[in-house]
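Examination of the molecular architecture
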Amino acid sequence: MTFPTSFVIAQAAPAAGAPNPIMTFLPLILLFVVFYFLMIRPQMKRQKEHRNMVSALSKGDEVVTNGGIAGKVDEVGESFITVEIAPNVKIKLQKGAVQQVLPKGTLKSS
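My aim in this report is to walk through the structure given alongside it, one point at a time. Keep in mind it's a predicted model, so treat the numbers as computed, not measured.

Regarding the nonpolar core
- Counting seven residues, the largest nonpolar core is built from Leu 57, Val 63, Val 73, Ile 81, Val 83, Leu 93 and Val 98.
- If we skip the residues at most four places from it in the chain, Leu 57 touches Val 63, Val 76, Ile 81, Val 98 and Val 101.

Here it is as C-alpha cells:
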C-alpha cells in the first residue's frame, strides 16, 4: 500500500526587523524622567534652600537644631556656631546641624 506523500515546503517567516533601539529603551527613559521630577529635583531644591539658610546665619538669630535644641546664635565661625540655649549655657555645633531659623522674638529671654 502506498500513501500519497506530498511534500510541504515550509516557508521561512519574513525576517522580523530588529526592534528600534529607542523604543526598547523608551520605558527606561520615561521612568528616569518621572523619577527625576518626583524625587531628585525636589531634594536638590531643599538642599539649596538649607545651604542658603546656613550661609546666612548671623549672631542673634534664633535657631532649632536637628536634635530639637532651640537657642540663640552667639558666635558664627566658618563651619561651627555657638548657640546659647539657656543663660550662660552655650554649645558649639556644626552649621549643618541647624534645621530651622525661627522668627526674632520666638524664644523668650530669661
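With respect to the sheet that holds strand β5 (residues 98-102)
- Pairing is antiparallel in the open sheet, where five strands are placed in the order β4-β3-β2-β1-β5. On the outer flanks of this sheet lie β4 (89-94) and β5, each paired with one strand and no other. Neighbour-to-neighbour, the strand axes of this sheet turn through a mean angle of 45°, independent of strand direction.
- Relative to β4, strand β3 (residues 80-86) runs antiparallel, the two being bridged by six bridges. By the bridge assignment for β4, Ala 86 is matched with Val 89.

Section: unusual backbone geometry
- Positive phi, normally seen in glycine, also occurs at Asn 88, with a value near 65°.
- For Asn 88, a relative accessible area of 75% gives the class exposed.

Some words on the pairing of strand β1 (residues 62-65)
- The alternating pattern of β1 places Glu 62 and Val 64 and Val 63 and Thr 65 on opposite faces, both of which are buried.
- For β1 and strand β2 (residues 70-76), the ladder comprises three bridges, and the chain directions are antiparallel. Residue pairing across strands places Glu 62 opposite Lys 72, the latter belonging to β2.
- Here β1 folds back onto β2, and the loop between the two strands holds four residues, one of which, Gly 68, carries a positive phi near 90°.
- Two strands pair when backbone bridges link them, and β1 and β5 are joined in this way by four bridges, in the antiparallel orientation. Bridge pairing in β5 links Val 64 to Gln 100.

As for the side chain of Lys 95
- Along the chain, Lys 95 falls in the loop between β4 and β5.
- In this view, Lys 95 contacts Val 54, Val 76, Gly 77, Glu 78, Ser 79, Phe 80 and Ile 81; residues no more than four positions away in its chain are not counted.

Considerations on the pairing of β2
- Relative to β3, β2 runs antiparallel, the two sharing four bridges. Residue Glu 75 lies in a different strand from β3, and its bridge partner there is Thr 82.
- The antiparallel hairpin formed by β2 and β3 contains three residues in its connecting segment.

Things to note about the pattern of salt bridges
- One pass over the structure, following the stated rule, counts two salt bridges.
- The salt bridge involving Lys 104 is made with Asp 61; its shortest N-O contact spans 3.2 Å. Of this pair, Lys 104 sits in the segment after β5 while Asp 61 sits in the loop between α1 (21-55) and β1, and the two are 43 residues apart along the sequence.
- In this structure Asp 61 comes out as buried when scored by relative accessible area, which is 10%.
- A salt bridge links Asp 74 to Lys 90; its shortest N-O distance comes to 2.9 Å. Of this pair, Asp 74 sits in strand β2 while Lys 90 sits in strand β4; the two residues are 16 residues apart in sequence, bridging distant segments of the chain.
- Classification of Lys 90 as partly exposed rests on a relative accessible area of 46%.

About the cut-offs
Residues numbered from 1 in each chain as written. Predicted model: local features only at pLDDT ≥ 70, side-chain atom pairs only at ≥ 80, totals over all residues. Heavy atoms only, no water. Core = buried A, V, L, I, M, F, W, Y, C linked by side-chain atoms within 4.5 Å. Buried < 20%, exposed > 50% of the residue type's maximum accessible area, 1.4 Å probe, protein only. Contact = heavy atoms within 4.5 Å. Pairing = 2+ DSSP bridges. Helix = DSSP H or I, 4+ residues; strand = E, 2+ residues; numbered from the N terminus. Axes fitted to C-alpha atoms, helices over the stretch in contact; angles between N-to-C directions. Salt bridge = Lys/Arg side-chain N within 4 Å of Asp/Glu carboxyl O.

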